[in-house]
There are 4 protein chains.
Amino acid sequence: MSIKVIIAGPRGKMGREAIQMIESTEHFQLVAYLDRKNKGRTNESAIPVYEDPDKCFAEVQADVLVDLTTPEVGFSHTESALKHGIRPVVGTSGFKPEEIDELKKLADEKKIGCIIAPNFAVGAVLLMQFAKMAAKYFPDVEIIEKHHDQKLDAPSGTAMKTLELIKENRTAKAQGHPNEIETLAGARGGESEGIRIHSVRLPGLVAHEEVLFGGNGQLLTIKHDSMNRQSFMEGIKMSIDEVMKLDHLVYGLENLLELNN
Amino acid sequence: MSIKVIIAGPRGKMGREAIQMIESTEHFQLVAYLDRKNKGRTNESAIPVYEDPDKCFAEVQADVLVDLTTPEVGFSHTESALKHGIRPVVGTSGFKPEEIDELKKLADEKKIGCIIAPNFAVGAVLLMQFAKMAAKYFPDVEIIEKHHDQKLDAPSGTAMKTLELIKENRTAKAQGHPNEIETLAGARGGESEGIRIHSVRLPGLVAHEEVLFGGNGQLLTIKHDSMNRQSFMEGIKMSIDEVMKLDHLVYGLENLLELNN
Amino acid sequence: MSIKVIIAGPRGKMGREAIQMIESTEHFQLVAYLDRKNKGRTNESAIPVYEDPDKCFAEVQADVLVDLTTPEVGFSHTESALKHGIRPVVGTSGFKPEEIDELKKLADEKKIGCIIAPNFAVGAVLLMQFAKMAAKYFPDVEIIEKHHDQKLDAPSGTAMKTLELIKENRTAKAQGHPNEIETLAGARGGESEGIRIHSVRLPGLVAHEEVLFGGNGQLLTIKHDSMNRQSFMEGIKMSIDEVMKLDHLVYGLENLLELNN
Amino acid sequence: MSIKVIIAGPRGKMGREAIQMIESTEHFQLVAYLDRKNKGRTNESAIPVYEDPDKCFAEVQADVLVDLTTPEVGFSHTESALKHGIRPVVGTSGFKPEEIDELKKLADEKKIGCIIAPNFAVGAVLLMQFAKMAAKYFPDVEIIEKHHDQKLDAPSGTAMKTLELIKENRTAKAQGHPNEIETLAGARGGESEGIRIHSVRLPGLVAHEEVLFGGNGQLLTIKHDSMNRQSFMEGIKMSIDEVMKLDHLVYGLENLLELNN
């Protein structure tokens, strides 16, 4: 039996990829689009398009809502879906803690699954978890992240998240030579609790992150290269399957992964 | 209070590195050498040198035996040390299953720790464990290992061990294009259950291993570079500390590591 | 004054990228399409579409023909363009030596430029040239090329071309340990005159090539990553500019590059 | 016939490596040591040790002086050797321009070769030359250099030298997004004429440099890994051979290399 899926945000870049993924997965069935700015348009594929989430969730018989909209709109979508017994799979890091708490209660009441994930790229999530684990044994660590030259902020959000996870397990340590001198300011990169982080920006790059752990006579490197938005689809696919088995809210793809060795 | 250590095999390459490590670690104390081919020589450092293990373990008050000899000699050393209540830390992959069982029983009887590790490089052990974990989510995987051009066998033992661990978690899968053609025989590397493994041999290389996991739009790479024998010392150091807390035998450094996220 | 360009093969993947590149380059002007299978269609952009090359080259006042069709069709296009005094820029490795000779004569007669390039990716061409130069000083070399898992042949054409260039400068040498043993057949890769070549195929990869030179205590690596077809546009752009300055045929982008140090 | 070599600075780290290299090269013959702090000691190998350079060069019949001392001492050694008709091969970046001019005149007068090289690692010299060549075609470039964590200065001298060579060929360009923001100061690295340079310092690293060139849809990377001092011996060996063929002074190993494609 197939899992019936509603997609919110079908015209965005992620939405369009998600439609393709759902249509090419045999046991998934696309049953409706939720598209606030749709203005009454219909689509060729005969899949109904709704502007009003409540109406959508009431009329359409669905198992899962995949929400790829903004945090603002996404919250009310998620809330409404849960109330209608539809399991949300939401890709955002923008919900406030109190919003997540509220959704958690709602999922518990309804005894259905809900997955909220800031990052659906399984590889990036694994990189972060492995980095966190390795930090226990290698307190000397630097991060190099590389992105296309149109990226505005440095370091990247994923690199900063990795940094936070590393800190949870790392013994505080002043790295490098105590009398180290920068003859070119900034050469040693950004710094946080002694950990150095370097941001490379070049045309031709997409989104790459590398965590280097150094020890006497050895180096352990964990690296993730993201080439395009398809990298997120595997995580969404896995989440659609997993949310059906859950009876509560899970925040973060890492909490779906079985990583004990 | 310091941990009193006997080193077996003090004149080998690993032994000499271990002596340095123990002497430079404040809470370790070198109390004797066990050296079968010593021929009555004494050493400058006033640390006693024994040829007979039983005599050594009976006369010297020690906490831990670090054995860096061969599997043949190492087994009787380990057995004798356990009988004398001295905790063995042994670096070998050469013990037979029945030998390990026997040592396991002995450690249980004596209620003391014993650590046997085929690989003391923490980074290499982490690489293998991370690769095993990632294989659950990325069935498409290839291994590239690189060594100096004087290495006899290809692939390396560590790469083959990594391959075995990956197989434990990987869903069987035929990788690559079904009609793939090698216009140069061997170009696609060695093969085992669809996983490809490539061995590079060049002067200038030391010992390097890289596991590449590919998924739609993304790549996850885990890499270990070993520059010299110092890479093993961190694992021996950790084992000396950990063996003091154990009351049984542990085989493999991975079973000492806390890798739950 | 802008350079007036005709594109042959405008509906192919390369053709479409080339149209974008020409339209976004200020001093280039798109003046016609040559499209054999056009079947009388016109296009929205009001740029004339021709099916007959001779008619096209006679009627349209153009400086350069960019031909991104097949070798078969491309040869007659190139010949005809030269006869009409239009400079061809052709991306193919499929012309026979005698065809190139014929075009060479024609360009000489007309005293105009003609550029034929098997590879328009400047980075890939630089990799090959640098590899050729380095081979003079590092006879120990291995090639690793990585592509998506839908590629049929291994090794890649670019890797084989690199191999040929390296051989031109490399002192013959048996690499690796003389008694080297493959415990897994193919682990040491494909072999040609002692040089080893390894082909990795994984989803998530695009097109990557790495040449590793090893010497005592050091390693020199030259690497090219091609992420998408845009990588060819820079070379086509450069060729359009350079073909205007030439009075003869040049085969291979490397012969346009100034690489003396 | 073998080339007769005097080594100045035989007890230093480089000196000791050089002795090994010369002794293991069939057509080289070690004829004397020049060792200012020798204090009358003789050595086991029956090779004469001199404290006074003039006396050494007058008494010993030698072809080449390999000087691995300091710039201060090295200058007078080089001057004296040239006067005695012995060809100097000197590894230093410490000579002043006027000193080099003076030595140049002396070599011209004597019509013998003299090689002064700031860096004898052929791979590092090739990296720098390739980077300079590529900069003509890829104005977007960043440098990542990685060293052990006991290095005092960042960036490394080799990285700064590479930067200077790149600038000679690169069209000035503001790289990255014009409104780029560093949320962690220094994340984007050191900066010089828009080129970014990043210095990584970790235990386990030795000396590594990577130059990344980015273009639309592609990336060209040139990388050098130096594992130990043996990396310099190939360059010294080559210089001993080449200095015999020269009749003038050459500054920089790159001027001995044939790099035209």
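Values in this document were obtained by computation on a predicted structure and should not be read as measured data.

Engineer: Whenever I open this one, the overall build of chain A confuses me. Can you help?
Structural biologist: Along chain A, the regular secondary structure elements total 7 helices and 14 strands. Taken along the three principal axes of its C-alpha coordinates, chain A extends 70 × 40 × 35 Å. Looking at the 261 residues of chain A, the share that counts as buried comes to 60%. A separation threshold of at least 6 residues defines the contact pool for chain A, and within that pool the share at least 24 residues apart is 71%. Charged side chains of chain A number 31 positive and 39 negative; the gap between the two group centres comes to 1 Å.

Engineer: Would you take a moment to explain the sheet that holds strand β6 (residues 114-116) of chain C for this structure?
Structural biologist: Adjacent strands of a sheet form backbone hydrogen bonds with each other and so pair up, either parallel or antiparallel. Residues and elements named next belong to chain C. Strand order across the open sheet formed by 7 strands is β3-β2-β1-β4-β5-β6-β14, with parallel pairing between neighbours. Edge positions in the sheet fall to β3 (49-50) and β14 (249-251), since each of these pairs with one other strand and no more. Against the sheet, helix α4 (residues 97-110) touches β6 and β14, its axis set at about 145 degrees to β14.

Engineer: Looking at this structure, I do not really get the pattern of salt bridges. What am I missing?
Structural biologist: Should their charged atoms come close, side chains of opposite charge can pair. Residue and element names in this part refer to chain B. Counting across every chain of the model gives 54 salt bridges over all chains. The partner of Glu168 in a salt bridge is Lys132, and the shortest N-O contact between them spans 3.4 Å. Placement of the pair is Glu168 in helix α6 (residues 157-169) and Lys132 in helix α5 (residues 122-135), with a sequence separation of 36 residues.

Engineer: Sorry if this is basic, but what is going on with the pairing of strand β12 (residues 207-215) of chain A here?
Structural biologist: Taken residue by residue, a regular strand's side chains alternate between the two faces of the sheet. Residues and elements named next belong to chain A. In terms of residue burial, β12 counts as a mostly covered element, since 8 of its 9 residues are buried. Relative to strand β13 (residues 218-226), β12 runs antiparallel, the two sharing 9 bridges. Considered in β13, the bridge of Phe213 is made with Leu220. Hairpin geometry of β12 and β13 is characterised by an intervening segment of 2 residues between the two adjacent antiparallel strands and by a positive phi of about 70 degrees at Gly217.

Engineer: What am I meant to see in the UniProt feature "active site" (unreviewed entry) in chain A here?
Structural biologist: Residue and element names in this part refer to chain A. If you check UniProt for "active site" (unreviewed entry), the listed places come out as His147 and Lys151 in our numbering. Relative to the assigned elements, His147 resides in strand β7 (residues 141-147). Not counting the four nearest positions on each side in its chain, His147 is found in contact with Ser156, Val200, Arg201, Leu202, Leu205, Val206, Ala207 and His208. Considering the arrangement of structural elements, one finds Lys151 in the loop between β7 and β8 (153-154).

Engineer: Where do I start with the sheet that holds strand β1 (residues 3-8) of chain D in this structure?
Structural biologist: Residue and element names in this part refer to chain D. Strand order in the open sheet formed by 7 strands is β3-β2-β1-β4-β5-β6-β14, with parallel pairing between adjacent strands. Strands with a single pairing partner mark the edges of an open sheet, and in this sheet they are β3 (49-50) and β14 (249-251). Sheet topology note: the strand β6 (residues 114-116)/β14 ladder contains 3 bridges and is parallel. Within β14, the residue paired with Ile116 across the bridge is Tyr251. Lying on the sheet, helix α1 (residues 13-23) is in contact with β1 and β2 (28-34); it crosses β2 at an angle near 150 degrees. Sheet strands in contact with helix α7 (residues 230-243) are β1, β2, β4 (64-67), β5 (87-90) and β6, and its direction is about 160 degrees off that of β5.

Engineer: What should I look at first to understand the packing of helix α5 (residues 122-135) of chain C against helix α5 (residues 122-135) of chain D in this one?
Structural biologist: A pair of packed helices is characterised by two quantities: the angle between their axes and the separation of those axes. Where α5(C) contacts α5(D), the axes come no closer than 11 Å and their chain directions differ by 150 degrees. Relative to α5(D), the element α5(C) lies roughly antiparallel. For the pair α5(C) and α5(D), the sense of crossing is right-handed. Along its contact with α5(C), which presents Leu126(C), Phe130(C), Met133(C) and Ala134(C), the element α5(D) presents Leu126(D), Phe130(D), Met133(D) and Ala134(D). Here the contact of α5(C) with α5(D) is built from residues that sort into 8 nonpolar, no polar and no charged.

Engineer: Where do I start with the packing of aromatic side chains in this structure?
Structural biologist: In this description, an aromatic ring pair is defined by two values, namely the gap between the centres and the angle between the planes. Applying the stated criterion across every chain, the model contains 10 aromatic pairs over all chains. Each ring, one from Phe130(A) and one from Phe130(B), has its centre 4.5 Å from the other, and the planes form 5 degrees; the classification is stacked. With one member in each of two chains, Phe130(A) in helix α5 (residues 122-135) and Phe130(B) in helix α5 form a pair that bridges those chains. One exposure class covers both Phe130(A) and Phe130(B), and it is buried. Pairing Phe138(D) with Phe213(D) gives two aromatic rings, centres 6.4 Å apart and planes at 50 degrees, and the pair type is tilted. Taken together, the residues span a long stretch of sequence, with Phe138(D) in the loop between α5 and β7 (140-147) and Phe213(D) in strand β12 (residues 207-215) at a distance of 75 residues. When its relative accessible area of 3% is taken as the criterion, Phe138(D) is described as buried.

Engineer: Got a minute to help me understand the interface of chain B and chain C in this structure?
Structural biologist: The parts lose accessible area when they come together, and the size of an interface is often stated as this lost area. Contacts between the two partners involve 47 residues from chain B and, on the opposite side, 47 residues from chain C. Across the interface of chain B and chain C, roughly 3500 Å² is buried in total on both sides, 64% from carbon and sulfur atoms. Interface area lost by chain B to chain C is led by Leu152(B), Leu184(B) and Leu202(B), which between them contribute 17%. Linking chain B to chain C there are 0 salt bridges. There are 20 residue pairs in polar contact (both at pLDDT 80 or more) connecting chain B and chain C. Every element with two or more residues in the side of chain B that touches chain C is listed here: β7 (140-147), β8 (153-154), β9 (181-182), β10 (190-192), β11 (195-201), β12 (207-215) and β13 (218-226) of chain B. Considered class by class, the residues forming the side of chain B that touches chain C number 18 nonpolar, 17 polar and 12 charged. Where β8(B) meets strand β9 (residues 181-182) of chain C, 2 bridges bridge the pair, whose relative direction is parallel. Bridging from a neighbouring strand, Asp153(B) pairs with Ile181(C) of β9(C).

Engineer: Any chance you could explain the environment of Val250(B) here in plain terms?
Structural biologist: Note that Val250(B) resides in strand β14 (residues 249-251). Among all residues touching Val250(B), those that are not within four sequence positions of it are Cys114(B), Ile115(B), Ile116(B), Asn255(B) and Leu256(B).

Rules used in this analysis
- For every chain, the first residue of its written sequence is number 1, and the numbers climb from 1 along that sequence.
- The naming scheme follows written order: chains are lettered A onward, ligands numbered 1 onward.
- Per-residue local features are limited, in this predicted model, to residues with pLDDT of at least 70; the limit for side-chain atom pairs, both in listing and counting, is 80 or more; totals at the level of whole chains, interfaces and linings are taken over all residues.
- Just so you know, side-chain values use all the structure's heavy atoms and leave hydrogens and water out.
- Under the scheme used here, helices are H or I runs from DSSP no shorter than 4 residues and strands are E runs no shorter than 2 residues, and both carry numbers assigned from the N terminus.
- Relative accessible area decides the class of each residue, using a 1.4 Å probe on protein chains only: under 20% of the type maximum gives buried, over 50% gives exposed, and in between gives partly exposed.
- The contact rule is simple, with two residues in contact once any of their heavy atoms fall within 4.5 Å.
- Just so you know, the count uses Lys and Arg for positive and Asp and Glu for negative, and it drops His and the chain ends.
- For charged residues, the charge sits on one atom: NZ in Lys, CZ in Arg, CG in Asp, CD in Glu.
- Strand pairing is assigned whenever DSSP identifies at least 2 bridges connecting the two strands.
- Axes, fitted as lines to C-alpha atoms, cover a helix only where it is in contact. Angles between the N-to-C directions of the axes lie from 0 to 180 degrees.
- Salt bridges, as used here, are contacts in which a Lys or Arg side-chain nitrogen is within 4 Å of a carboxyl oxygen on Asp or Glu.
- UniProt positions are given in the numbering used here, feature names are shortened, and annotations may be inferred rather than shown by experiment.
- Here is the rule for angles: anything less than 35 degrees is roughly parallel, anything more than 145 is roughly antiparallel, 65 through 115 is roughly perpendicular, and the remaining ranges are oblique.
- Each crossing gets its hand from how the near helix is turned against the far one by less than a right angle, where anticlockwise is left-handed and clockwise is right-handed.
- Residues were grouped as follows: Ala, Val, Leu, Ile, Met, Phe, Trp, Tyr, Cys and Pro as nonpolar; Asp, Glu, Lys and Arg as charged; and all remaining residues, including Gly, as polar.
- Two rings from Phe, Tyr or Trp (for Trp, the six-membered ring) form a pair when their centres are within 6.5 Å of each other. A pair whose planes differ by under 30 degrees is stacked, one over 60 is edge-to-face, and the rest are tilted.
- Buried area adds together the accessible area that both of two parts lose upon being put together, with accessible area traced by a 1.4 Å probe.
- Here a polar contact is recorded for every N or O atom pair within 3.5 Å, except that within protein the pair must consist of a potential hydrogen donor and a potential acceptor, and residues adjacent in sequence are included only if both atoms are side-chain atoms.

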